[in-house]
Amino acid sequence: MCIYGGTTCAVIASNNPEVVVTVVDLNAERIKAWSSDELPIYEPGLLHLVKKARDGARRNLFFSKSISSAIIEADLIFMCVNTPTKQTGPGAGQALELDYLEGAIRRIAEVAQNDKIIVEKSTVPCRTAETIREILDTTGRPGVKFSVLSNPEFLAAGTAIADLLQPDRVLIGCSKTPDGYSAAGALADVYAAWMPRDRIITINLFSAELTKLAANALLAQRISSINSLSAICEATGADIEEVTYACGLDSRIGPSMFKASVGFGGSCFKKDILSLCYISEFLGLAEVSAYWKSVIDINEYQKDKFTSRIVSCLGNTVTKKKLAVLGFTFKKDTDDTRESAAISVVSRLVAEGAHVSIYDPCAKTDQIWRDIGTYVTVCESAYEACMNAQAVIILTEWDEFNNRVTTDAQRSSDRLRGPQPGFVNLIRSKLDWPLVADIMCPPKYVFDGRNVVDAGKLEELGFRVECVGKPSMS
Ligand SMILES: NC(=O)C1=CN([C@@H]2O[C@H](COP(=O)(O)OP(=O)(O)OC[C@H]3O[C@@H](n4cnc5c(N)ncnc54)[C@H](O)[C@@H]3O)[C@@H](O)[C@H]2O)C=CC1
Ligand SMILES: O=C(O)[C@H]1O[C@H](OP(=O)(O)OP(=O)(O)OC[C@H]2O[C@@H](n3ccc(=O)[nH]c3=O)[C@H](O)[C@@H]2O)[C@H](O)[C@@H](O)[C@@H]1O
């Protein structure tokens, strides 16, 4: 029942040829897109996988608008609906909105005619499974038995297929009853079709729900920790890349999720931490809430500090200056712009009077305009964006923007991406930085919000380069 639910279902279907998987959604447009060659999201390798299971000889993946029929026919139902931050009512601005989930549960209770296993895949607050069970028990048909499991999803955008095929773990939360274990076993069998059983962990229902919020909060906390250190680097002459490299060699710390940036984005980190804050406050744990809130505060600070640095380097004003933004999505290899750092940075530059031209290889133009208004120009190419610009601002780490040597890992990720109808062919050549230097206007700044460029090489071309967590060149 969702965007990432569709991706998960495609992986389940392609690995379980004997299982029939039907994806349903209230949004008919999305179902139409899932049924076509222009999927509702760009995710490397997804179209290939969907086509194989949806259109191949052994068809077992279906996309349908008939929600009730799909419920009636299913033995196991994955709940993958959206759980955004609440906009109104108690907890507005912090708590997760469970309205969509509740709507789906009520529909299941209403139409189910035989026993079902309900799998909570959406990210939810701790103890939501209890609420689900209460709704099913009080509104379901007599004699119909529901088992509720928590099975949080840990995939990341851009690497979703690889994450689903080779997850670090699959987490199943169940009630510690014979019925709970039996339902967990049935779900484990689905995953065991392609992964070793010892990676499938069964824990308590509420622990599984909290683990998902905790994992996202911990990952975001690492980024905010590094970003806070990047400010010290900028002020002292230390280099954040050297600091993270040296810290990451300590096996207790490790190198993942350790890259300084303009700030983390994406649909989940902020909303899930806010949910953790709300739960903490609800439980009377104000200090705990303040601790996690600081992860978000540092992220806001990071985006703001990066923008202030741009304005400061450009003589304390960007009014009427042409600035080129390269990258708008919240990370590379996705067309998702939700909570992208680019939204904050560009909005402030526009508010200060800059003329901003944006190029992103994957973000859709109407989405960019929905995110920040139509005051910006959206370009077909990086060169169009950079023409006569005084500064280039890199906000997403797309491979084509970096001027470093291409690694084998990158080359194989390029192959996986492949051309996908409806999107620009994503196997693109690297940006021709000498050409960019020729078409820009002085002072030819590059503000690298992702530390993807080799600053030394760009400086040889006449650029002034400012990187996150490195001292200012000016
Ligand atoms: N986006 C991601 O990378 C990940 C998301 N998650 C979690 O998965 C959940 C879904 O996330 P997204 O796919 O990003 O959300 P999304 O907003 O892209 O998709 C949710 C879909 O659910 C549909 N929907 C809502 N209520 C429905 C109902 N009653 N019946 C049928 N369909 C209904 C909506 O029409 C929408 O298409 C969230 O809880 C999120 O936190 C978890 C891991 C990764
Ligand atoms: O619940 C979710 O939605 C998902 O949230 C994140 O995945 P995602 O947001 O898709 O992508 P990440 O790779 O985690 O990146 C998040 C943001 O942090 C930024 N980031 C990431 C890593 C890093 O070292 N530095 C950094 O700034 C990225 O550019 C991006 O803006 C988690 O990594 C997933 O495990 C989780 O399932």
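What counts, and where the lines are drawn
- Residues numbered from 1 in each chain as written.
- Chains lettered and ligands numbered in written order.
- Predicted model: local features only at pLDDT ≥ 70, side-chain atom pairs only at ≥ 80, totals over all residues.
- Heavy atoms only, no water.
- Near = heavy atom within 4 Å.
- Polar contact = N/O pair within 3.5 Å; in protein donor to acceptor, adjacent residues only side chain to side chain.
- Areas by Shrake-Rupley, 256 points an atom, 1.4 Å probe, with all protein chains shown as cover.
- Helix = DSSP H or I, 4+ residues; strand = E, 2+ residues; numbered from the N terminus.
- Nonpolar A, V, L, I, M, F, W, Y, C, P; charged D, E, K, R; others polar.
- UniProt positions renumbered as here; feature names shortened; annotations may be inferred.
- Contact = heavy atoms within 4.5 Å.
- Buried < 20%, exposed > 50% of the residue type's maximum accessible area, 1.4 Å probe, protein only.
- pLDDT = per-residue confidence, 0-100.
- Axes fitted to C-alpha atoms, helices over the stretch in contact; angles between N-to-C directions.
- Parallel < 35°, antiparallel > 145°, perpendicular 65-115°, else oblique.
- Left-handed = near helix turned anticlockwise from the far one by under 90°.

Okay, the site of ligand 2 next. In the neighbourhood of ligand 2, 20 residues make up the surrounding shell, with Leu155, Ser261, Cys268, Phe330 and Arg450 lying closest. A distance of 2.7 Å separates an oxygen atom of ligand 2 from a polar atom in the backbone of phenylalanine 154. In isolation ligand 2 offers 690 Å² of accessible surface; the protein chains occlude 88% of this area. The greatest single-element share of the shell around ligand 2, amounting to four residues, is contributed by helix 9 (residues 205-236). Across the shell around ligand 2, the residue classes break down as 12 nonpolar, three polar and five charged.

Take the UniProt feature "binding site: substrate" (unreviewed entry) in the chain next. Taking the numbering used here, the UniProt-annotated feature "binding site: substrate" (unreviewed entry) corresponds to Lys212, Gly265 and Lys331. If you trace the backbone, glycine 265 turns up in the loop between helix 10 (240-248) and helix 11 (269-282). Discounting chain neighbours no more than four positions away, the residues touching glycine 265 are Phe330, Arg338, Glu339 and Ser340. Relative to the elements of secondary structure, lysine 331 occurs in the loop between strand 8 (322-326) and helix 13 (341-351). On the accessibility criterion, lysine 331 (21% relative accessible area) is partly exposed. Within the local environment of lysine 331, its side chain forms a polar contact with the backbone oxygen of alanine 157, the two atoms lying 2.6 Å apart.

So, on to the confidence of the model for the chain. Mean pLDDT over the chain stands at 94; residues scoring 70 or higher make up 94%. In the model, residues 414-425 has pLDDT below 50 throughout and makes 29 contacts with residues more than four positions away in sequence or in other chains.

In the contact formed by helix 12 (residues 286-313) and helix 13, the axes pass within 10 Å of each other and the chain directions differ by 40°. For the element pair helix 12 / helix 13, the angle class is oblique. The chirality of how helix 12 crosses helix 13 is right-handed. Between helix 12 and helix 13, the residues in contact are Lys303, Asp304, Phe306, Thr307, Ser308, Ile310 and Val311 and Ala341, Ser344, Val345, Arg348 and Leu349, respectively. Here the contact of helix 12 with helix 13 is composed, by residue class, of six nonpolar, three polar and three charged.

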